[in-house]
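Close look at the chain arrangement
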Amino acid sequence: EAKERGLHRCVVPGENRREAQLVEGMKVFGVTELSEVVRLLRGETLDETDAGETSVEGEQEELPDFADLHGQLLGRRACEIAVSGMHNLLMIGPPGAGKTMIAMRIPSILPPLLPEEELELRKIYSVGGEPYDVAHVHRPFRAPHHTISVQGMAGGGAVPKPGEISLAHKGVLFLDELPEFRKETLEVLRQPLEEKRVRLVRLQGSCEYPADFMLVAAMNPCKCGYYPDMQRCRCTGAELARYLGKISQPLLDRIDICVETPQVSFRELAAGGREETSEEIRRRVAAAREIQAKRYRMETFSCNGQIPASRIREFCKLSGAQEERMEQAYQRFGWTARSYHKLLRVARTLADMEQEAEILDRHLSEALCYRSVDRKYWERA
């Protein structure tokens, strides 16, 4: 704010000096006593050792690594695609299959924060009154409990504060046990997922917070957790419909990738051997993100998952034969325009991951697989 007002020097508490230095072109003084402010006003130099600066560096938090995860190749693949293009992801599988373990490892393959992103995040957390000491290291990973209220998710209060969807800005919002969330709490996600911001209207006025996050969700296929294995599932048709009905079709349309995570076999667990590390995956993610950054350098968005519907044909071009095939699939599966655009965005990311200039048939086929899993469950319900 000071910089926008044409000021180039500011005095802050010593503990906030490093955070304030994120603003380029500002001379920042950190002080612990008013006498130090007087010395500055007199034109005296202030030795930084007297400024009471407290470092927030510390040791970097060690994140869970994909190398610790055995099996679940499809889940790994889905996470890499989702992060490469900033796509929303839903994992469906029985209890103990490793859905939460997979999600907890996503932060380890996210690209590092850009300076402007870090500054924006610190603004959000400052307004929310929450510390964010590791903002300069990791992107946000928010995992609210399913009992969270609408206000806790979207933000609000007598003095409006950002909710979880804004605290996850430029990072991940992870919703475990998705159907256990209140339906009204889930529905509040719909607009921010499209517009990348949330608007709060109160008697005292209105405010708007950014909400550009990647949604990652996990759920059991039914209340007991074992559908469609009818040897183990004990849910009636009505119970299944009631359970899956908590997730509305408009919310499902905003999911780009849906995958099943089956139980890991004993052979996979006992095999040992070397699993691919997060560092290896992160390098591929960085390469795909770099391609997108160059393509969208003149745009207001930077990832495939953010391509506006009006620009889909420009950035996700298909051949005549591919369009005919997609038209057949569109009619057969009864897609909405939104779900079809999601498929094309994922196909564009798959092409970027292989450094292909054009979307090929195999990219469309794989993207189509990620749009068919949800129908397997919700159509039967």
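Read on for an overview of the structure. Here the structure is a predicted model, which means the values were calculated and not measured.

In this section: the pattern of salt bridges. With the rule as written, the count across this model stands at 26 salt bridges. For Glu 366, the salt bridge is made with Arg 77, and the minimal N-O distance between the two is 2.9 Å. Here the residue Glu 366 occupies a position in helix 17 (residues 361–369), and Arg 77 occupies one in helix 3 (residues 73–85), the gap between them amounting to 289 residues. Given the relative accessible area of 28%, Arg 77 is considered partly exposed. Where Glu 208 meets Arg 197, a salt bridge forms, and the shortest distance between an N and an O atom there is 3.4 Å. Of this pair, Glu 208 sits in strand 9 (residues 205–210) while Arg 197 sits in strand 8 (residues 197–202), and the two are 11 residues apart along the sequence. Given the relative accessible area of 43%, Glu 208 is considered partly exposed. Using a relative accessible area of 37% as the deciding quantity, one classes Arg 197 as partly exposed.

Per the stated rule, a full pass over the model turns up two cavities of 30 Å³ or more. Estimated volume of the largest cavity: approximately 40 Å³. Lining the largest cavity, in full, are Leu 178, Leu 189, Leu 215, Ile 247, Leu 251, Leu 252 and Ile 255. Of the residues belonging to the lining of the largest cavity, the class tally is seven nonpolar, no polar and no charged. Its boundaries defined by the atoms lining it, the second largest cavity holds a volume of some 40 Å³. Lining of the second largest cavity is provided by Leu 90, Leu 252, Ile 255, Asp 256, Ile 257, Cys 258, Tyr 370, Arg 371 and Asp 374. Looking at the lining of the second largest cavity, its residues break down into six nonpolar, no polar and three charged.

Parameters at a glance
Residues numbered from 1 in each chain as written. Predicted model: local features only at pLDDT ≥ 70, side-chain atom pairs only at ≥ 80, totals over all residues. Heavy atoms only, no water. Salt bridge = Lys/Arg side-chain N within 4 Å of Asp/Glu carboxyl O. Helix = DSSP H or I, 4+ residues; strand = E, 2+ residues; numbered from the N terminus. Buried < 20%, exposed > 50% of the residue type's maximum accessible area, 1.4 Å probe, protein only. 1 Å grid on protein atoms, 1.4 Å probe; cavity = no way out; pocket = protein on both sides within 12 Å on 5 of 7 lines; lining within 4 Å. Points joined across faces, edges and corners; volume = space filled by probe spheres on them. Nonpolar A, V, L, I, M, F, W, Y, C, P; charged D, E, K, R; others polar.

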